[in-house]
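The chain contents come next:
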Amino acid sequence: MSLEQGFDIAFVASHALREKQIQQVYRPYVAVHKWFARRPGSLFRSLALAEFGDMPLREAYYRAHDFAGKLVADPFMGGGTPVIEANRLGCDVIGFDINPMATWVCREAVEYLDLKAYAGAADHLIETLRKDLGHLYLTDCPLYGDRDVPVKSFLWVKVVDCESCGEDVDLFPGYLLAEDVRHPLNVLVCHACGDLNEVEDRKRPGACKGCAAELLAEGPAKRGKCACKACGHLNSFPRGGKESPRHRLFAIEYYNPTRKKDHKGRFFKKPDERDLARVRDAESIWAVEKPRFVPDDEIPPGDETDRLHRWGYWRYRDMFSARQLLGLEASARLIAAVQDDRVRHALATNLSDLLRYQNMLCRYDTMALKSLDIFSVHGFPVGLVQCESNLLGIVNGGEKKLGASNVGSGGWSNIVEKYRAAKAYCDAPFEVQPGAKGKDAQVPVHGEWIGERREGYRPRSIAIRCKSSTEVELPPASLDGCFTDPPYFGMVQYGELMDFCYVWLRKLVGSHAEGFTPTSARSAGEVTGNTTKGRDLARFTEGLAEVYRRMAVALKPGAPLAFTFHHNKQEAYASVAVAILDAGLTCSASLPCPAEMAGSIHISGTGSSIVDTVFVCRSTGTTPKEWLFTDADGLAIIVSRDLQQLRAGGMRPTPGDTRCIVFGHLARMAIWNLRAKWNPCLPTKEKLKFLSDGMDRLASLDSVVAALTPEAPAAVGLPLFADQRRVPETIDAISF
């Protein structure tokens, strides 16, 4: 059975949808370190099982497998999902990425770790920090009079000097601190005195209980303007000055463990003098520190980082409070003193991941009542209200045992527990099987594991390299498969974002790690679109084509290059199709699969698709006759079946999803029609035009959508396009 016959859209969609809702529950290894837009592990497990297995996917999925002798490559490794899933199935793997952070993260996921030694070192780290800095994360409870309870979040508002009178101007976009969703009432900050007020109606909040001023929900900071309360002058922001923004502490969310049981809702307070004294204490201590590990690197220009410059952030250290810098420097010193190399690297990885919560760009979610990490929207959003999380973390009930739950997020105890669970999963992976009435079951897959070695099992070969895949030379006809999630032309600028972590991690690991010699994780060889660097669609196409050419040479005859892709514009699919043709491959299948979470902050409400097309490409093989089409009506039949299968998997496809599915099939069919007369030596822009014209001749998006058939019951249980009256093996196929 081949991938084209064995891939089961409804089954994979069902698992991918569930996984993407809470990915670290289904694939805990993702919590080793933040990476962006990870594709579902269930998808890549299914692709490998469909290609290398000998039984229906629904039977094979929950069983252990060992594809000994199979060699799989991923030229765009990123967070490592294809490599990790293939390794778990017993394949030997080769992974490449030009970004040193990607190779570091993937190695951390697959490299063996003594969990007992790690837990001991992590406990020592946290307890030492608690002893030395714990007093900076305490407050007093004004509701019950309890002293020194742990702070969950410090909330800060940006402040500018009035351009007219010089008074401080708080840049409040709104005064709502907490919504009445996870708290009994709405919490509003008084614009006059700063007191916190709990109110039932946000539209008619009434008067402040402290100063009797009329409470407001909307703030004065709008569209880059904010009026000064003292003189009325309308100030502009940001000002792009040489200094980073100032902040004022205006609220605290804390945790009172002894009162929580009988208390309704969360604990909020206006900071008192002791709280402000702790801030001054941290600032005075940090002022005389001589940091060894806090980076002093400048922030280079870029598509994302230019936003930071507009706000006056010119060095990475500018994005942290004095208290955060103090805690991070202390953490790094403790990590550097750990003698065990593997444990030290694990803790260094934890520190790098911790950074996304320990900075002054984190925002506070007024509905969920939690900190939003800096990368929650896959960029560098500069908000006006920032959230500083407890560096230490708060363990529920004060427990210290492994697996104990945490209160809130963003502290050392949170990061350590997630990392521990990730590495435990590598030793004993499982799948989550959907059950009746939403009661899913965790199914251990005994005999599978992730890594190079494990006692009682044969070793596996893992080669992870920090290198551009445009320069890779693998032995011809050596690969049994290439599974990857390549860059998308309009993708997140991973290099720019990961520098935020890289400059810190580099101070801890130095040149000992491959790829950590440069001062930046960015590279001129990145296969991405980037306005600042002048990388356009033609450059993206050429880079992708060069990688695919090298992979095609390394693949055994007929072995698959299978990769995920989606984009809102058809021109990006033309780019992918050119790369496939330049590599001398034919696209034998274009399979839809959910790959993003619809509720993600960077997707919700944008009209973007959550569906990837999985392009399956080979040098030789077969494709079912009924997958070919010549016009909009023929394509509409195929797309209708795709949508039926996705619905059978529990998905509700949107117009954006339909659009991407159509583009995927148009690209596949254009490749099929143009492959015999393709000239890879033509200029790239001519090839892109040639391919786009080929897609346009087949059908337009509007014509396909107009021809789609009404929703009908899907052929549940059969692979893509299999008629319920036939088995896949009997479908007429055309060789290429």
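Reading guide: rules and limits
Note on numbering: residues in each chain are counted from 1, in written sequence order. With the structure being a predicted model, the display of local features is reserved for residues of pLDDT at least 70 and the display and counting of side-chain atom pairs for 80 or more, all residues being used for whole-chain, interface and lining totals. With hydrogens and water set aside, each side-chain value is computed from the structure's full complement of heavy atoms. By definition, any uninterrupted DSSP run of H or I lasting at least four residues is a helix, any uninterrupted run of E lasting at least two residues is a strand, and each is numbered from the N terminus. Every radius of gyration here is taken over C-alpha atoms, with the globule rule written as 2.2 Å times N^0.38, N being the number of residues. Buried means the residue's accessible area, taken with a 1.4 Å probe over protein chains only, is under 20% of the maximum for its type, while exposed means over 50%, and partly exposed covers the values in between. Criterion used throughout: strands pair if DSSP finds at least two bridges between them. An axis is simply a line fitted to the C-alpha atoms; with a helix, the fit covers only the stretch in contact. Between two such axes, the angle follows the N-to-C directions and lies from 0 to 180 degrees. Two residues form a contact once any of their heavy atoms are found within 4.5 Å. Multiply 1.5 Å by the residue count of a helix minus one, and that product is the helix's expected span. Among buried residues, the Ala, Val, Leu, Ile, Met, Phe, Trp, Tyr and Cys ones that are joined through side-chain atoms within 4.5 Å form a nonpolar core. The term salt bridge refers to a pairing of a side-chain nitrogen on Lys or Arg with a carboxyl oxygen on Asp or Glu at a separation within 4 Å.

Draft legend 1. Expanded view of the overall build of the chain. Assigned secondary structure in the chain consists of 20 helices and 26 strands. Scaling as 2.2 N^0.38, a compact globule of 736 residues should have a C-alpha radius of gyration of about 27 Å, and the chain matches this with 27 Å. Here the C-alpha coordinates of the chain stretch approximately 80 × 60 × 50 Å along the principal axes. Taking all 736 residues of the chain together, 59% fall into the buried category.

Draft legend 2. Geometry of the sheet that holds strand β2 (residues 92–97). Strand order in this open sheet of seven strands is β20-β2-β1-β21-β22-β24-β23, and the pairing throughout is mixed. Because the sheet does not close on itself, it has two edges, and the strands there are β20 (462–466) and β23 (586–594). Here the strands of the sheet are splayed against their neighbours by 20 degrees on average, with no regard to which way each runs. Note that strand β1 (residues 71–74) and β2 share four bridges and pair parallel. In the sheet register, Val-72 faces β2, and the bridge partner there is Val-93. Against the sheet, helix α7 (residues 100–110) touches β2 and β20, its axis set at about 160 degrees to β20. Where helix α16 (residues 570–582) meets the sheet, its contacts fall on β22 (561–565) and β24 (611–618), and the angle it forms with β22 comes to roughly 170 degrees.

Draft legend 3. Helix α12 (residues 341–354), seen in detail. With 14 residues, α12 ought to run about 20 Å at 1.5 Å a step, and its terminal C-alpha atoms sit 20 Å apart, in line with that. With respect to burial, α12 is a largely interior element, twelve of its 14 residues being buried. Buried positions along α12 lie against α7, α8 (115–133), α11 (322–336), α13 (412–427) and α14 (494–509).

Draft legend 4. View of the nonpolar core. Counting residues in hydrophobic clusters, the biggest one holds 206 residues, and the most contacted among them are Trp-412, Phe-500 and Tyr-548. Not counting residues within four places of it along the chain, the set of residues in contact with Trp-412 comprises Leu-125, Ile-126, Leu-129, Ser-331, Ile-335, Leu-347, Asn-350, Leu-351, Leu-354, Leu-391, Leu-392 and Gly-393. By size, the runner-up hydrophobic cluster in this structure holds 15 residues, among which are Leu-177, Val-189, Phe-250 and Ala-251.

Draft legend 5. Main features of the environment of Cys-228. In this structure, Cys-228 sits in the loop between β9 (225–227) and β10 (234–236). Along the sequence, Cys-228 and Cys-162 sit 66 residues apart, while their C-alpha atoms lie 6.4 Å from each other. Cys-228 has contacts with Cys-162, Cys-165, Glu-167, Val-169, His-233 and Asn-235, leaving out every residue within four places of it along the chain.

Draft legend 6. Up close: the environment of Ala-122. With respect to the helices and strands, Ala-122 occurs in helix α8. The sequence separation of Ala-122 and Leu-334 amounts to 212 residues, and the corresponding C-alpha distance is 10.0 Å. Ignoring sequence-local partners within four residues, the contact set of Ala-122 consists of Leu-347 and Val-416.

Draft legend 7. Region of the structure containing the pattern of salt bridges. Tallied over the full model, the rule gives 54 salt bridges. Among the salt bridges present, the one from Arg-618 reaches Glu-4, with a minimum N-O distance of 2.8 Å. Separated by 614 residues along the polypeptide, Arg-618 in strand β24 and Glu-4 in helix α1 (residues 3–6) bring together distant segments of the chain. Taking the relative accessible area as the measure of exposure, Arg-618 reaches 6% and is therefore buried.

Draft legend 8. Main features of the sheet that holds strand β6 (residues 176–178). Spatially, three strands are ordered β6-β7-β8 in an open sheet, and the strand pairing comes out antiparallel. The outermost strands of the open sheet, each flanked by one partner alone, are β6 and β8 (196–199). Neighbour-to-neighbour, the strand axes of this sheet turn through a mean angle of 35 degrees, independent of strand direction. Pairing between β6 and strand β7 (residues 186–189): two bridges, direction antiparallel. Bridging from a neighbouring strand, Leu-176 pairs with Leu-188 of β7.

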